[in-house]
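Listed below are the residues making up each chain.
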Amino acid sequence: QVQLVESGGGLVQSGGSLRLSCAASKSIFSINIMGWYRHAPGKQRELVAVIRSVGSKNYADSVKGRFTISRDNAKNTIYLQMNSLKPEGTTVYYCNAAVVAGAPLKEYDCWGQGTQVTVSA
């Protein structure tokens, strides 16, 4: 079973930066799309950023200009560089990927375990 392993969360002051990483833990054939979501208590899960296999990207309006998503296809890893962080960005961030793996090949919707990001005022 493919697993996504996240790292890079933590505590940072308002205006600071963090870099999240998400790596697929098992040999896979390909990844079609990868992205980051966040889910704050009492709120709906929010798409933060996605990046497709062809390299196109989309961002939530609330993070445009501050966050940058990138991917290393050789390492099956994506990154989320978060700059100018705000206290309202405090929540758990989840990695998601549409992964093609197995024999026969099949696409799986995979989620990471989540990484906490806390931004102090």
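Each value, and the rule that gives it
- Residues numbered from 1 in each chain as written.
- Predicted model: local features only at pLDDT ≥ 70, side-chain atom pairs only at ≥ 80, totals over all residues.
- Heavy atoms only, no water.
- Disulfide = S-S within 2.5 Å.
- Helix = DSSP H or I, 4+ residues; strand = E, 2+ residues; numbered from the N terminus.
- Buried < 20%, exposed > 50% of the residue type's maximum accessible area, 1.4 Å probe, protein only.
- 1 Å grid on protein atoms, 1.4 Å probe; cavity = no way out; pocket = protein on both sides within 12 Å on 5 of 7 lines; lining within 4 Å.
- Points joined across faces, edges and corners; volume = space filled by probe spheres on them.
- Nonpolar A, V, L, I, M, F, W, Y, C, P; charged D, E, K, R; others polar.

(A) A look at the state of the cysteines. The final tally for this structure, using the stated rule, is one disulfide. Each disulfide pairs two cysteine sulfurs, and for C22 the partner residue is C95, the sulfurs being separated by 2.0 Å. Residues C22 and C95 are joined through a disulfide that is left-handed, its torsion about the S-S bond being -80 degrees. Of this pair, C22 sits in strand β3 (residues 18-24) while C95 is found in strand β9 (residues 91-101), placing the two residues 73 residues apart along the sequence. Here C22 matches C95 in class, with each residue buried. With no disulfide partner, C110 has as its closest neighbouring cysteine sulfur the one in C95, 9.2 Å distant.

(B) Seen up close, the layout of surface pockets. Each pocket or cavity is described by its volume, and for the largest pocket that value is around 190 Å³. If you go around the largest pocket, you meet 15 residues; those closest to its centre are R38, K43, E46, E88 and G89. Its residues placed into classes, the lining of the largest pocket shows three nonpolar, six polar and six charged.

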